[in-house]
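Analysis of the macromolecular model
This is what each chain is made of:
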Amino acid sequence: MTLESTVVPRTPVVPVLRESFAQGITCPLSWRLGQLRALKRLLEENSAAIEDALFADLGKNPAESQLTEVGVVLSEIEHTLSRLKSWLRPKRVAVPLGLAPASASTMLEPLGVVLVIAPWNYPLQLLLGPVVGAIAAGNAVLLKPSELAPATSALLAELVPLHLDQRAVAVIEGGVDITTELLAERFDHIFYTGNGTVGRIVMKAAAEHLTPVTLELGGKSPVYVDDTVDLSAAARRIAWGKFMNAGQTCVAPDYLLATREVAEQLAPHLVQAIAELYDGDPRTSSSYGRIINDRHFERLTGLLRGEKVITGGRSDTRTRYLAPTVLGDVARDAPVMQQEIFGPILPIVEVTGLDDAIRFIRSGEKPLALYAFTSSRQAAKRILTETSSGAVGFGIPVAHLSVPGLPFGGVGESGMGAYHGRRSVETFSHEKAVLHKRLAPDTMRLVYPPFTEKKDGF
Ligand code: NAD
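Everything numeric in this text was worked out from a predicted model, so none of it was measured.

This part takes up the UniProt feature "active site" (unreviewed entry) in the chain. When the UniProt feature table is mapped onto this chain, "active site" (unreviewed entry) is found at Glu216 and Cys250. For this annotated set, covering 35 residues, all C-alpha atoms fall within 9.2 Å of each other, a compact arrangement in space. If you trace the backbone, glutamate 216 turns up in strand β7 (residues 213-216). The class for glutamate 216 is buried, based on 27 C-beta atoms found within 10 Å. Among the structural elements, cysteine 250 can be located in the loop between α9 (231-243) and β9 (255-258). Look past the residues within four positions of cysteine 250 in its chain and what remains in contact with it is Asn121, Gly218 and Leu368.

What follows is the structure, encoded as structure tokens:
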């Protein structure tokens, strides 16, 4: 049985994957490890084509593509290859005394056919990263790349069938109409990364089939800075995390909270950090990306209207260049504070101190990430215990996603479920409960009816 993902009509794809899963093709550890190695080869052997596609879609510098797209998936593969066998070992759990002698354990079993829907901002990492977990867990997988990153989508639709087992791994390209058609099908898990509006559409469609979902969504991730840290070092880290991929990163710091004094001292450091990161001129620097499309470009430049620009603000419609921009003294109800920015604009919102910052963060939706630059242990503890977010980064934004041992995911409006490393395998598995009890001696006599005499129970 073969499947040419680029030519086979859409509807037969899911039954083919289902049949392959039913035949048990995807279950053996050897198949899973073989597919992960094949995926590794796909990335290593097509390095130049991948860099070109990401440059065409997002103007990404090849080094940035290697670091934030290919490298993240490769390290996920390496991490999984060396640990998968032990992750899949059944885990023993204690049995209550009343049930002894008996043994209980849990085992991970694959779910079936998994759909992975990816967004455009890290179009390779956010498609193939979840696929690592889906394959490692022993599932058949259907990949739906984002139509808004067409070069990467086309390249992966070409490469995946060449490298991976076409019976069990397929790619379907397309936009809303095709995704809508796909969502009418029955899957055993849907893994969606993107905005919350579509997240709701995905979850509704999944509910029809009682399909579990993982929703990796976004939101406004705050960064809090106080006066106990080296502001120059903090500015470099913040500018790096914010302006990578031209701000189009789900876990980029969205806005900055600081007291007026800290904001005033930090601003020149941010200006200097931007100059250092982008060779003095982001417009001509090959290290700085572009906005994905005209719609997002218009939206972003619209957010600048009426705001106090500390640095940046300049744009070029033709090339969709928007300078790394810092806005000062932004009102809490300004348009730029009403939506996830998802672009290279960093508003600074002044707070009176940590209490005010925490109150403000808590007044909004739960963010995907929260960052703090403080050397006060007391402040750090309060941030951890008094706010809720998908993750917290002290002293560094974004990088938590590169730690395979940390679950990556949101909470509330920023998503549900998590992945990376072992958590990915668990996400794409069912944890089955198994109990063994010998028939003799029959200790169950103690709980059998009739209940005419006193029974001890379990
Ligand atoms: P997008 O427009 O590429 O959409 C994501 C996917 O949804 C695409 O594959 C697209 O085809 C599909 N889609 C779009 N409209 C649809 C519809 N009506 N019905 C069915 N499917 C549809 O990407 P986006 O949503 O603009 O991505 C940006 C958002 O994603 C931001 O909010 C960002 O924070 C979030 N994000 C989250 C993470 C994370 O890991 N949590 C990572 C990246 C991006």
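Moving on, we come to the UniProt feature "domain: Aldehyde dehydrogenase" (unreviewed entry) in the chain. According to UniProt, the positions carrying the feature "domain: Aldehyde dehydrogenase" (unreviewed entry) are residues 28-434. The distance separating the terminal C-alpha atoms of residues 28-434 is 20 Å; by composition the span is 42% helix and 19% strand.

Looking now at the site of the ligand. If you check the shell around the ligand, you find 28 residues, and the closest are Pro119, Ser146, Gly194, Gly218 and Cys250. Of all the elements in the fold, those that place two or more residues in the shell around the ligand are α7 (176-183) and α8 (196-208). No other element matches the three residues that α7 contributes to the shell around the ligand. Residue composition of the shell around the ligand, by class: 13 nonpolar, eleven polar and four charged.

The next thing to look at is unusual backbone geometry. A cis amide bond, omega -5 degrees, links alanine 100 with the succeeding residue proline 101. Cis geometry marks the peptide bond from proline 449 to proline 450, where omega comes out at 5 degrees. By the element assignment, proline 450 lies in the segment after β18 (429-436). Although it is not a glycine, leucine 210 sits at a positive phi angle of roughly 55 degrees. Note that leucine 210 resides in the loop between α8 and β7. Residue classification places leucine 210 among the exposed residues on the basis of 7 C-beta atoms within 10 Å. Located in the positive-phi region is alanine 246, a residue other than glycine, with phi close to 50 degrees. Along the polypeptide, alanine 246 turns up in the loop between α9 and β9.

What counts and how
- Residues numbered from 1 in each chain as written.
- Predicted model: local features only at pLDDT ≥ 70, side-chain atom pairs only at ≥ 80, totals over all residues.
- UniProt positions renumbered as here; feature names shortened; annotations may be inferred.
- Helix = DSSP H or I, 4+ residues; strand = E, 2+ residues; numbered from the N terminus.
- Buried ≥ 20, exposed ≤ 12 C-beta atoms within 10 Å, placed from the backbone.
- Contact = placed C-beta atoms within 7 Å.
- Near = placed C-beta within 6 Å.
- Nonpolar A, V, L, I, M, F, W, Y, C, P; charged D, E, K, R; others polar.

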